[in-house]
Amino acid sequence: MLAFNSRIGIIGSGRLGTNLAVVLANHGYERVSITCRKSSAKPSIQALLPKVTIFDNNQDLADFSDLIIVCTPDHQITTVAESTTWNSQQSVIHCCGPLSYDVLAAASDSGASIGSFHPCQTFTGNINIASVNKLFEGTLINISSDSPTLLESLSHLSRKIGGIPISIPDELRPLYHVAAVITCGSLAALMSISMNIWKAIGLTESEAASALKTLSTTTLANVHEHGIPASLTGPILRQDFETIDSHLNALMHYSPEAAGVYALLSKITLDGSSLPIEKDPNSKDVSNRYTDLIERISSCLESPR
Ligand SMILES: NC(=O)c1ccc[n+]([C@@H]2O[C@H](COP(=O)([O-])OP(=O)(O)OC[C@H]3O[C@@H](n4cnc5c(N)ncnc54)[C@H](OP(=O)(O)O)[C@@H]3O)[C@@H](O)[C@H]2O)c1
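Definitions and limits used
- Residues numbered from 1 in each chain as written.
- Predicted model: local features only at pLDDT ≥ 70, side-chain atom pairs only at ≥ 80, totals over all residues.
- Heavy atoms only, no water.
- Pairing = 2+ DSSP bridges.
- Helix = DSSP H or I, 4+ residues; strand = E, 2+ residues; numbered from the N terminus.
- Axes fitted to C-alpha atoms, helices over the stretch in contact; angles between N-to-C directions.
- Near = heavy atom within 4 Å.
- Polar contact = N/O pair within 3.5 Å; in protein donor to acceptor, adjacent residues only side chain to side chain.
- Areas by Shrake-Rupley, 256 points an atom, 1.4 Å probe, with all protein chains shown as cover.
- Patch = residues over 30% accessible without salt bridge, like charges linked within 9 Å, V, L, I, M, F, W, Y side chains within 5 Å.
- Salt bridge = Lys/Arg side-chain N within 4 Å of Asp/Glu carboxyl O.
- Buried < 20%, exposed > 50% of the residue type's maximum accessible area, 1.4 Å probe, protein only.
- Domains from an automatic or database assignment.
- Contact = heavy atoms within 4.5 Å.
- Buried area = accessible area lost by both parts, 1.4 Å probe.
- Nonpolar A, V, L, I, M, F, W, Y, C, P; charged D, E, K, R; others polar.

Draft legend 1. Structural view of the sheet that holds strand β4 (residues 67–70). In spatial order, the strands read β3-β2-β1-β4-β5-β6-β7-β8; together these eight strands make up an open sheet with mixed pairing. At either end of the open sheet lies a strand with only one pairing partner, and these are β3 (53–55) and β8 (164–166). With strand direction ignored, the average angle separating the axes of adjacent strands in the sheet is 25°.

Shown next, in the form of structure tokens:
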């Protein structure tokens with residue numbers, strides 16, 4: 001079990017590293033430290049984390065820590081592991097979603113225990129001390145380790161900060177992680193299509209943002225409260241084929257790329273066995289029109305973009 005006076009060092013004061021330092025400090029971990037390579041960024045980090053020690057470099061932090069959490073971009077994790085001197089009393093973990101702890105092999109070669117700790121949550125640089133704890137509450141945290149003792153400590157740490165520890169097999173990590181990215185970054189990209197369309201037809205930035213907020217907030221609330229099938233609305237559900245046709249025509253003119261995205265999502269809506277699209281089995285007309293729609297969608301997906 002990780003004691004509250006354990007020395008926890010975080011390498012990287014970016015989005016996750018800073019949020020993690022805040023949540024650890026908020027939950028009573030007394031000896032948290034973090035690296036910050038840019039001297040210009042130190043005052044704002046120190047203001048956010050008055051009790052946290054800030055180090056200029058990875059080795060000084062590692063020498064001062066029992067548990068080291070590598071919070072660098074994924075492609076830097078192995079470099080950090082290979083360029084730091086570790087010892088057998090230490091535990092070193094990374095926070096990357098798709099990679100196994102093998103990328104920390106250099107630390108393991110020095111006798112350290114290694115592992116991973118991936119909170120399935122989105123962290124930005126807009127850190128509000130009062131709301132950081134909420135980001136971890138109920139968040140799945142994928143943990144793994146080559147040491148049962150470290151795994152137990154990571155499970156305990158996850159629960160202490162409000163998370164729910166789980167262990168996904170290494171070979172499934174990329175799939176597990178891409179689902180998180182689709183829910184987060186891809187959703188934001190999808191919303192940017194709507195924002196851009198609304199602005200292109202003359203809405204101001206704030207009108208477009210307001211429309212986006214109202215619709216997306218209601219949709220997400222419906223999904224959370226009633227589940228996905230019951231939250232589905234729109235022309236496919238209503239069998240409004242002319243409406244869908246007008247959408248595809250408008251989008252092909254506006255942006256074939258956006259038309260492709262809409263066509264693909266419409267295909268997923270039509271195909272999705274969990275979505276409540278009811279086709280009247282006795283209506284030949286409806287059945288034919290679904291077939292026509294699928295052909296139209298396929299042609300949009302195939303058209304060169
Ligand atoms: N953000 C999220 O939502 C999120 C969620 C779950 C997991 N993660 C994982 O958390 C890790 C960090 O992601 P992030 O979004 O926090 O990245 P980030 O905001 O880009 O921050 C990365 C930090 O690492 C520092 N850094 C880069 N190379 C370094 C090195 N060689 N030695 C020491 N520090 C170095 C950077 O410092 P400089 O500014 O000086 O370059 C920066 O402070 C990744 O593995 C990511 O997959 C992120």
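After that view of the structure, there is still more to cover.
Draft legend 2. Inspection of the site of the ligand at higher detail. Not every one of the 22 residues close to the ligand is listed here, only the nearest: R15, L16, R37, D74 and F123. Contacts to the ligand include S13, whose backbone N or O atom sits 3.3 Å from an oxygen atom. The contact in question runs from an oxygen atom of the ligand to an N or O atom on the backbone of F123, over 2.8 Å. Alone, the ligand offers 900 Å² of accessible surface; in the complex the protein occludes 79% of this.

Draft legend 3. A look at a nonpolar patch on the surface. Together, L172, L175, V178, V181 and I182 line one region of the surface with nonpolar side chains, adding up to about 430 Å² of accessible area. Here L172 lies in the loop between β8 and α8 (173–200). Look at L172 and you get partly exposed, because its relative accessible area is 42%.

Draft legend 4. A look at the domain arrangement of the chain. Split into domains, the chain comes out as domain 1 (7–167) and domain 2 (176–302). The centre of domain 1, based on its C-alpha atoms, is set 38 Å off from the matching centre of domain 2. On the domain 2 side, the residues contacting the seven residues of domain 1 number four residues. Between domain 1 and domain 2 the total buried area reaches about 450 Å² when both faces are included, carbon and sulfur atoms providing 72% of it. There are zero salt bridges connecting domain 1 and domain 2. Taken together, the connections running from domain 1 to domain 2 amount to one residue pair in polar contact (both at pLDDT 80 or more). For the side of domain 1 that touches domain 2, the residue count by class is three nonpolar, four polar and no charged.

Draft legend 5. Local environment of the side chain of S266. Residue position: S266 is located in helix α13 (residues 256–271). The contacts of S266, once residues within four sequence positions are left out, are I236 and I297.

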